[in-house]
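# A structural walkthrough
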Amino acid sequence: MEKRIVVAIDGPAGAGKSTVARQVAERMGFLYIDTGAMYRAIALWAHRQGTAFDDHLNLTQLALAADIELGPEQVFLNGEDVSTAIRTPEIASAASKVSVVAGVRRALVEKQRAMGARLSVVMEGRDIATHVFPDAQIKIFLDAAADVRAARRVDQLGGDILAVTQEIQARDHRDRTRTEAPLLQAPDAVYLDTSNLPSDEVVEAILQIVRARTSNGKAVTS
Ligand code: DC
């Protein structure tokens, strides 16, 4: 029986989720969905409007009203290409702050579930296996040592290693300790430490898991 497949990839900032998830999606012919980009898009909109991070009502309104489109490489907010604008450290930190708001999460999780309802997807974030798709057939938790994750971010985006390490630690703390759907490994997720693994090996390891649980890209029903 043909069934859509959800590959859920969670983990902290800099664990290698985007690189790996994008490649797994490409190899399987699945849709790639970066949910962090959605929180970043709301943070950018809030920042531009001057909406305070404790103004939960207005942040929720923005999340409900936002038209977010995700391409393999691009992110559109209300029709504007914001792919570059959402990648600054300031917006990363702001995204972590807006993501604690229950109404923002509810609005974005609804959009994420709608995206995953139609097609087979590789979806990456913080709460995909625990909350967005608790029934996902494949659940992966990607992790890496904090200093490795900070060094990767500096390689990608530049910046001072000390400042980036502090930003990542503050974001980790907020993402792991928030009340609503915190970053947490699902009990049935496969844990992969990518500190000393090149991304192509991580991709192969995940593809093996996907293939073992599916047949020709179709879920094995038993
Ligand atoms: O993956 P990222 O660095 O682009 O995510 C930015 C922030 O968005 C992250 O610090 C926490 C939040 N986020 C979330 O709360 N839930 C998700 N599923 C994805 C991201």
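Our subject is the structure listed above.
This report concerns the structure included in the present document. (Residues numbered from 1 in each chain as written. Predicted model: local features only at pLDDT ≥ 70, side-chain atom pairs only at ≥ 80, totals over all residues. Heavy atoms only, no water.)

## Here's the deal with the packing of helix 3 (residues 56-65) against helix 5 (residues 102-118)
At a closest axis distance of 8 Å, the pairing of helix 3 and helix 5 adopts a crossing angle of 10°. Between helix 3 and helix 5, the interaxial angle falls into the category roughly parallel. Facing L59, T60, A63 and L64 of helix 3, the residues of helix 5 in contact are G103, V104, A107, L108 and K111. Across the contact of helix 3 with helix 5, the residue classes tally to six nonpolar, two polar and one charged. (Axes fitted to C-alpha atoms, helices over the stretch in contact; angles between N-to-C directions. Helix = DSSP H or I, 4+ residues; strand = E, 2+ residues; numbered from the N terminus. Parallel < 35°, antiparallel > 145°, perpendicular 65-115°, else oblique. Contact = heavy atoms within 4.5 Å. Nonpolar A, V, L, I, M, F, W, Y, C, P; charged D, E, K, R; others polar.)

## Considering the sheet that holds strand 5 (residues 80-81)
Strand order across the open sheet formed by three strands is 3-4-5, with antiparallel pairing between neighbours. The two strands at the open ends of the sheet, each matched to only one other strand, are strand 3 (68-70) and strand 5. Relative to strand 5, strand 4 (residues 75-77) runs antiparallel, the two being bridged by two bridges. Bridge pairing links L77 to E80 in strand 5. Relative to the sheet, helix 2 (residues 35-49) contacts strand 3, strand 4 and strand 5, its axis offset from that of strand 3 by approximately 140°. (Pairing = 2+ DSSP bridges.)

## Some remarks on the site of the ligand
The local shell around the ligand holds 14 residues, among which R40, R105, R171, D175 and R178 are the closest. Within the side chain of R178, a nitrogen or oxygen atom sits 2.8 Å from an oxygen atom of the ligand. Protein contacts shield 98% of the accessible area of the ligand, which totals 440 Å² for the unbound molecule. Contributing elements (two or more residues each) for the shell around the ligand: helix 2, helix 4 (89-98) and helix 8 (161-177). Of the residues contributing to the shell around the ligand, the split by class is two nonpolar, five polar and seven charged. (Near = heavy atom within 4 Å. Polar contact = N/O pair within 3.5 Å; in protein donor to acceptor, adjacent residues only side chain to side chain. Areas by Shrake-Rupley, 256 points an atom, 1.4 Å probe, with all protein chains shown as cover.)

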